Amino acid sequence: FVTVCGGNIMDEVHLNEFVDSLTAVPSKFQGKRIAATVFFHEHVIAIIKLDRGGGQTWFDVIDSLPYEDTLLACPADFTSSISLDSADWMQEDYIPYAARIRCLDVDALRVTLRWYACSKFNEKDCAYIDNYKWEDDKSDFDPRVFQAFLWAEV
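What counts as what
Residues numbered from 1 in each chain as written. Predicted model: local features only at pLDDT ≥ 70, side-chain atom pairs only at ≥ 80, totals over all residues. Heavy atoms only, no water. Pairing = 2+ DSSP bridges. Helix = DSSP H or I, 4+ residues; strand = E, 2+ residues; numbered from the N terminus. Axes fitted to C-alpha atoms, helices over the stretch in contact; angles between N-to-C directions. Contact = heavy atoms within 4.5 Å. Buried < 20%, exposed > 50% of the residue type's maximum accessible area, 1.4 Å probe, protein only. Expected span 1.5 Å × (residues − 1). Polar contact = N/O pair within 3.5 Å; in protein donor to acceptor, adjacent residues only side chain to side chain. Parallel < 35°, antiparallel > 145°, perpendicular 65-115°, else oblique. Left-handed = near helix turned anticlockwise from the far one by under 90°. Nonpolar A, V, L, I, M, F, W, Y, C, P; charged D, E, K, R; others polar. Salt bridge = Lys/Arg side-chain N within 4 Å of Asp/Glu carboxyl O.

Peer 1: What should I look at first to understand the sheet that holds strand S4 (residues 56-63) in this one?
Peer 2: Note on sheets: strands pair through backbone hydrogen bonds, and any given pair is parallel or antiparallel. Pairing is antiparallel in the open sheet, where six strands are placed in the order S1-S6-S2-S3-S4-S5. The open sheet has two free edges, formed respectively by strand S1 (3-8) and strand S5 (99-103), since each of these has just one partner strand. Between one strand axis and the next, the sheet turns by 20 degrees as a mean value, whatever way the strands run. Helix-sheet contacts for helix H1 (residues 12-23) involve S1, strand S2 (34-40), strand S3 (43-53), S4 and strand S6 (145-152), and the interaxial angle to S1 is about 160 degrees.

Rendered as structure tokens:
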């Protein structure tokens, strides 16, 4: 276990605290594989940090149960990422059983997390967000709340 953080996923300070903790891990975890589980909107996603060498880091955002509203039909050129044993991918309205979104830097990770969050909000959530400022003591009821746990290889 490395750390836990959370708060308002739409707040730049809260989101940056999480992203920074994923990118700047304590020295005792240097050289180890790092990942996070993010609990948001009654759903869990995983983020795997991929150190590519030369100071380059990628992040894979993995959603094992993507919602149809979040991941619309796969584009026609998506077939290279899907098992060709299944004819499912050929259907126009195909929604994958799992999704992996590769972010090639921390800025792409931030944008992806904001996009992901916004894709989960329904009309009721948007009305709540429009009418109420974030309050830490009322976060149990706020649709923007997230909690992330960071883990390191043993």
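Peer 1: What is the right way to read the side chain of histidine 14 from this model?
Peer 2: Looking at where histidine 14 falls in the secondary structure, it is placed in helix H1. Residue classification places histidine 14 among the buried residues on the basis of a relative accessible area of 17%. If sequence neighbours within four positions are ignored, histidine 14 has contacts with Gly6, Gly7, Asn8, Trp134, Asp136 and Phe146.

Peer 1: What should I look at first to understand H1 in this one?
Peer 2: Residue pairs spaced three or four apart in an α-helix point in one direction, given the helix's 3.6 residues per turn. Relative to the 16 Å expected for 12 residues at 1.5 Å per residue, H1 spans 16 Å between its end C-alpha atoms, a close match to the ideal helical length. The set of residues buried in H1 consists of His14, Leu15, Asn16, Phe18, Val19, Ser21 and Leu22. The inward-facing, buried residues of H1 abut S1, S2, S3, S4, helix H2 (106-120) and S6. Two or three places before valine 13, at the opening of H1, aspartate 11 has a side-chain oxygen 2.8 Å from that residue's backbone nitrogen.

Peer 1: Looking at this structure, I do not really get the packing of H1 against H2. What am I missing?
Peer 2: Each pair of packed helices gets described by two things: the angle between the helix axes and the distance between those axes. Closest axis-to-axis distance for the H1/H2 pair is 11 Å, and the angle between their directions is 135 degrees. When the axis of H1 is compared with that of H2, the two are oblique. Crossing of H1 against H2: the hand is right-handed. Residues Glu12, Leu15, Asn16, Phe18, Val19, Asp20, Leu22 and Thr23 of H1 touch H2, and the partners they reach there are Val106, Leu109, Arg110, Leu113 and Arg114. Along the lines of polarity and charge, the residues of the contact of H1 with H2 split into seven nonpolar, two polar and four charged.

Peer 1: Looking at this structure, how should I read the pattern of salt bridges?
Peer 2: Between side chains of opposite charge, pairing is possible as soon as their charged atoms come close. According to the stated counting rule, one finds seven salt bridges in the structure shown. Ionic pairing is found between glutamate 153 and arginine 33, a salt bridge with its closest N-O pair at 2.8 Å. Of the two residues, glutamate 153 sits in the segment after S6 while arginine 33 sits in the loop between H1 and S2, which places them 120 residues apart along the sequence. Arginine 100 serves as the salt-bridge partner of aspartate 60, at 2.8 Å between the closest nitrogen and oxygen. Placement of the pair is aspartate 60 in strand S4 and arginine 100 in strand S5, with a sequence separation of 40 residues. Three or more residues are tied together by salt bridges with common partners; here these are Asp20, Asp107 and Arg110.

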